[in-house]
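# Observations on the model geometry
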Amino acid sequence: MINSFTGIAIKMIAYRAETAIVNILREYIGKKDEARSLVRQIFQTDADIEPDEQRGILRIKLHNMTNPRNNGYVKKLCNILNQSETTFPGTNLTIVYDMVSNQNPADQKF
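Before going further, it helps to examine the packing of helix H1 (residues 4–25) against helix H3 (residues 68–83). Contact geometry of H1 with H3 gives a least axis separation of 10 Å together with a crossing angle of 110 degrees. In this view, H1 runs roughly perpendicular relative to H3, as classed from their interaxial angle. Each of Ile 21, Ile 24 and Leu 25 in H1 lies in contact with H3, whose residues at this interface are Tyr 73, Leu 77 and Ile 80.

Okay, the pattern of salt bridges next. Enumeration according to the criterion identifies four salt bridges in this entry. In this structure, the salt-bridge partner of Arg 36 is Glu 18, at a minimum N-O distance of 2.7 Å. Placement of the pair is Arg 36 in helix H2 (residues 32–44) and Glu 18 in helix H1, with a sequence separation of 18 residues. There is no split in this pair, since Arg 36 and Glu 18 are both buried. Close ionic contact of Glu 34 with Arg 69 constitutes a salt bridge, the shortest N to O distance being 3.3 Å. One end of the pair, Glu 34, is in helix H2; the other, Arg 69, is in helix H3, with 35 residues separating them in the sequence. Judged by relative accessible area, which is 22%, Glu 34 ranks as partly exposed. Residues joined by salt bridges that share partners form a network here, namely Glu 18, Arg 36 and Arg 40.

Overall, Glu 18 belongs to the buried group, its relative accessible area being 10%. Those residues within four positions of Glu 18 in sequence are excluded, and the remaining contacts are Arg 36, Val 39, Arg 40 and Phe 43.

Read from one edge of the open sheet, three strands run S1-S2-S3, paired in mixed fashion. In this open sheet, the two strands that pair with only one neighbour each are strand S1 (47–52) and strand S3 (94–99). Along the sheet, successive strands turn relative to each other by an average axial angle of 20 degrees, direction set aside. The pairing of S1 with strand S2 (residues 57–62) spans six bridges and is classified as antiparallel. Note on S2: the bridge partner recorded for Ile 49 is Ile 60. Its contacts with the sheet place H3 against S2 and S3, and it is angled at close to 165 degrees to S3.

Looking now at the environment of Phe 43. Following the sequence through the fold, Phe 43 ends up in helix H2. Each C-alpha atom, one on Phe 43 and one on Leu 62, is 9.7 Å from the other, the two residues being 19 residues apart in sequence. Here Phe 43 is in contact with Glu 18 and Ile 21, once residues within four sequence places are set aside.

Before going further, it helps to spend a moment on the nonpolar core. In terms of nonpolar packing, the biggest core is built from 15 residues, with Leu 25, Ile 29, Leu 38, Ile 42 and Val 74 touching the most fellow members. Looking at this core, the elements that each hand over two or more residues are H1, H2 and H3. Setting aside anything within four residues of it in sequence, one finds Ile 29 in contact with Glu 34, Ala 35, Leu 38 and Tyr 73.

Criteria and cut-off values
- Within every chain, residues take consecutive numbers counted from 1 along the sequence as written.
- The predicted origin of the model limits local features to residues at a pLDDT of at least 70 and limits the giving and counting of side-chain atom pairs to 80 or more, whereas totals for whole chains, interfaces and linings rest on all residues.
- As a rule here, side-chain values cover all heavy atoms of the structure and leave hydrogens and water aside.
- With axes taken as lines fitted to C-alpha atoms, and helix axes fitted only over the stretch in contact, angles between N-to-C directions fall between 0 and 180 degrees.
- We count a stretch as a helix when DSSP gives it H or I for four or more residues in a row; a strand needs E for two or more, and each element gets its number in order from the N terminus.
- Angles are sorted into four bins: roughly parallel if under 35 degrees, roughly antiparallel if over 145, roughly perpendicular if 65 to 115, and oblique for all others.
- Here, residues are in contact when the closest pair of their heavy atoms is within 4.5 Å.
- We count a salt bridge whenever a side-chain nitrogen from Lys or Arg sits within 4 Å of a carboxyl oxygen from Asp or Glu.
- Using a 1.4 Å probe on the protein chains alone, a residue whose accessible area is under 20% of its type maximum counts as buried, one over 50% counts as exposed, and one in between counts as partly exposed.
- Pairing between two strands requires that DSSP report at least two bridges joining them.
- Put simply, buried Ala, Val, Leu, Ile, Met, Phe, Trp, Tyr and Cys residues joined by side-chain atoms within 4.5 Å make one nonpolar core.

As structure tokens, this is what we get:
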């Protein structure tokens, strides 16, 4: 069971992470509230997590947002986060962010 201090600390860390991502997206999104709304949508969307130990990658593929414009913002965010070359704690895997839609281009023929 998490005590109240730990719960508050977790909420503070989550809020700071959310705010940091909002500040990144504000460079591309004009409306202040729209950036925070998009970040909340990102946190609630499904994602595929695929470890590839041979290549040293932990790929996180986000599913589509509610509209193509938001998908574009998320793709930019993924590119920015990938530039940090962050290693997943306790592993040698570099986190690589992507979108599922990048795997299935809109002009793909069936």
